[in-house]
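Residues per chain are reported as follows:
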Amino acid sequence: MIFFKYISNTEIRSYTFLGLNIYFKQKKYPEKKIFFNGLIKIIKRFNNRTITSAKYIKLFNKTIYKKFNTCDIDVAYLFNIPIKITNLKDFYKKQINKTISKEYDDIYVFSYNSGEIYVFLTYFIDAYLKINKSKNPIIITRYKYHNDLIEMIYPKIPHVYLKNAPRLKNHSFVIGHQRFFQIYGSDFEYGEIKENRVSENPIPYFNLCKNHLNIPDDMLSVNPIKITEKMENSMTEKISKINLNMDNFIFISPEAKSYKMLPQKFWDEIIGYYKNKGIDIFLNINDHKFKRFDKYCKSIDLTFPEAFALAKKAKKIITLRSGLSEILMQTGVEHYIINTNEFGYKTLRVDKHLPLFNINTNHEYLIPETQTQEEMDRVKEIILNDKIEIGQ
């Protein structure tokens, strides 16, 4: 008998002990968390049309708690009795004077994923600041990696990290004399992005972001990534701990939040191929399920600047499509990007006219969500049979 069983992929996560489902999570909406074979259930729903959300907690299949969010107002109920009403803007009101000085005229809230924030900082920020006539702006970051992106692309604006800063429905709002601009709000993610995904002729996501911010083409600018000596030294210090052969290694990043993961067998074969050639492999990972590769690969946690500094020294880069993939397009290293979502594949391919996107070193391939062995073998063969001189 199997005492303990763990399953984790892009769709579900579950823990089973002695046949009893201790925990089950369905990651896609409606998001579900089920404990102890259904004794407790937590369900989250989202309405793309109205951009409203709901959360339910059930005990023995009876709703004991629920919370609704409509137009940035949270209303919580306990046994159908309203117990708390929260205006999410109050979070930002409390931060004024506490962490945000009133001397700043405009506050830009980074509440989106790394890829979109990277594009904003690289191409849009100068135009957006000019359009808004911002004189003394500051940036609020929702995730710590936003700070890394700012430091490597646009460090001239002060920024402050506020954990769990809420993402509001409206793109912009005003508190007192200070203006707030979200990059990007929930209206963008659950409205324009969702609609574009099902469109017969999807707009490149670069253009989708640009149009959302109303930035004309003649105002676009380019802010290339700059790795400081401090970032470089930080990377070198970390890498020295894992004895990576800096003269002969490849950089592999097999994870992504928004794209379907590829089976471990796919990466097993790629890693095995290069390992047999005596090439070192740096594996950029967060999920523990890839830790079994530690026998064959070198790995250590890196920030975005550190990952970029390291990848620039690699013989080759192989990534599952993610925000990191887009950042690494500036390395100038041969880079193989694997898409598992046709929408992402189409929208990134047509963006090859962008500055800093070198079509000679960045190569994209699609493995559809069906992930048949034939489809995976086709892409794997292309990657492994390139003409790059590795190990010479």
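Predicted model only: the values in this text are computed from it and were never measured.

What counts and what doesn't
Going along each chain's sequence as written, the residues are numbered from 1 onward. This being a predicted model, a pLDDT of at least 70 is required before a residue's local features are given, and a value of 80 or more before pairs of side-chain atoms are given or counted; all residues contribute to the totals for chains, interfaces and linings. Remark: hydrogens and water are excluded; side-chain values derive from all non-hydrogen atoms of the structure. Elements are defined by DSSP. Helices are runs of H or I of four residues or more, strands are runs of E of two residues or more, and each kind is numbered from the N terminus. Residues are treated as being in contact if the distance between any of their heavy atoms lies within 4.5 Å. For two strands to count as paired, DSSP must find a minimum of two bridges between them. Here the axes come from fitting lines to C-alpha atoms, over the contacting stretch only for helices, and the angles between their N-to-C directions go from 0 to 180 degrees. Exposed residues in this analysis have more than 50% of their type's maximum accessible area, buried residues have under 20%, and partly exposed residues fall in between, with area computed by a 1.4 Å probe over protein chains only. Here the term right-handed applies to a crossover when the path leading from its first strand over the helix to its second strand runs clockwise, the strands being oriented away from the viewer. In this scheme, patches are assembled from residues that exceed 30% relative accessible area and form no salt bridge. Like charges are connected within 9 Å, while nonpolar side chains (Val, Leu, Ile, Met, Phe, Trp, Tyr) are connected within 5 Å. Note on areas: these come from Shrake-Rupley sampling with a 1.4 Å probe, and a residue is covered only by the protein chains present in the view. For this document, the term salt bridge refers to a Lys or Arg side-chain nitrogen within 4 Å of an Asp or Glu carboxyl oxygen. Each residue after the first adds 1.5 Å to the expected span of a helix. Working note: the arc is built from the helix axis to C-beta atom directions. Each residue gets a pLDDT score, which is the predictor's confidence in that residue and runs from 0 to 100.

The secondary structure content of the protein chain amounts to 11 helices and 19 strands. Considering only intrachain contacts with a sequence separation of at least 6, the fraction spanning at least 24 residues in the protein chain is 58%.

On to unusual backbone geometry. Put simply, isoleucine 183 and tyrosine 184 share a cis peptide bond, and its omega is 0 degrees. Along the polypeptide, tyrosine 184 turns up in the loop between strand S14 (178–183) and helix H4 (186–197). Positive phi outside glycine occurs at phenylalanine 60, with the angle close to 55 degrees. With respect to the helices, strands and loops of the structure, phenylalanine 60 is situated in the loop between strand S6 (52–59) and strand S7 (62–70).

What follows deals with the sheet that holds S6. Taking strand neighbours across the sheet as the criterion, the nine strands line up as S1-S2-S3-S4-S5-S6-S7-S8-S9 in an open arrangement whose pairing is antiparallel. The open sheet is flanked by strand S1 (4–8) and strand S9 (81–87), the only strands paired with a single partner. Neighbour-to-neighbour, the strand axes of this sheet turn through a mean angle of 10 degrees, independent of strand direction. In terms of strand pairing, S6 meets S7 through seven bridges, oriented antiparallel. When the bridges of S7 are listed, lysine 58 appears paired with threonine 63.

A few words on the pairing of S7. Moving residue by residue along a regular strand, the side chains alternate between the two faces of the sheet. Between S6 and S7, which pair antiparallel one after the other, the connecting turn spans two residues, and phenylalanine 60 there sits at a positive phi close to 55 degrees. Looking at chain direction, S7 and strand S8 (residues 73–78) are connected through six bridges and run antiparallel. Note that in S8 the partner of asparagine 69 across the bridge is aspartate 74. Counting the residues in the hairpin turn of S7 and S8 gives two residues, including cysteine 71, whose phi is positive at 50 degrees.

The next thing to look at is the pairing of strand S17 (residues 316–320). Extensive coverage of S17 is indicated by the burial of five of its five residues. Across the two faces of S17 the burial is the same, with Lys316, Ile318 and Leu320 and Ile317 and Thr319 all buried. In the sheet, strand S15 (residues 249–253) pairs with S17 via four bridges, with the strands oriented parallel. What sits directly across from phenylalanine 251, in S17, is isoleucine 317. The pairing of S17 with strand S18 (residues 335–339) spans four bridges and is classified as parallel. Residue pairing in the sheet places isoleucine 317 in a bridge with histidine 335 of S18. Traced from S17 through helix H9 (residues 323–328) to S18, the parallel crossover comes out right-handed.

On the surface, Phe3, Phe4, Phe17 and Leu18 cluster together into a nonpolar patch covering about 430 Å² of accessible area. If you trace the backbone, phenylalanine 4 turns up in strand S1.

Attention shifts here to the sheet that holds S15. With parallel pairing, five strands are arranged side by side in an open sheet as S16-S15-S17-S18-S19. The open sheet has two edge strands, strand S16 (280–283) and strand S19 (362–366), and neither has a second partner. Neighbour-to-neighbour, the strand axes of the sheet open up by a mean angle of 20 degrees, direction not taken into account. With five bridges connecting them, S18 and S19 associate as parallel partners. Of the residues in S19, the one forming a bridge with isoleucine 338 is tyrosine 365.

Between the first and last C-alpha of helix H11 (residues 373–384) there are 16 Å, a value that for 12 residues agrees with the 16 Å anticipated at 1.5 Å per step. Buried within H11 are the following residues: Glu375, Met376, Val379, Lys380, Ile383 and Leu384. With its buried residues spanning 150 degrees around the axis, H11 presents them on a single face. Seen from the buried face of H11, the exposed residues on the opposite side, beyond 90 degrees, are Glu374 and Glu381. Lining the buried residues of H11 we find helix H7 (264–276), S17, S18 and S19.

Glancing now at the confidence of the model for the protein chain. Chain-level statistics for the protein chain give a pLDDT mean of 86 and a share of 90% at 70 or above. Here H4 is the element of the protein chain with the lowest mean pLDDT, 68, and helix H8 (residues 304–311) is the one with the highest, 97.

Here we come to the pattern of salt bridges. Applying the stated criterion to the full structure yields 12 salt bridges. Between lysine 298 and aspartate 280 there is a salt bridge whose closest N-O contact spans 3.1 Å. Of this pair, lysine 298 sits in the loop between S16 and H8 while aspartate 280 sits in strand S16, and the two are 18 residues apart along the sequence. Between lysine 380 and aspartate 377 there is a salt bridge, with the nearest N and O atoms lying 3.2 Å from each other. Here lysine 380 and its partner aspartate 377 are both found in helix H11, three residues apart, which amounts to about one turn of the helix. Each of Glu269, Asp377 and Lys380 takes part in one network of salt bridges that share partners.

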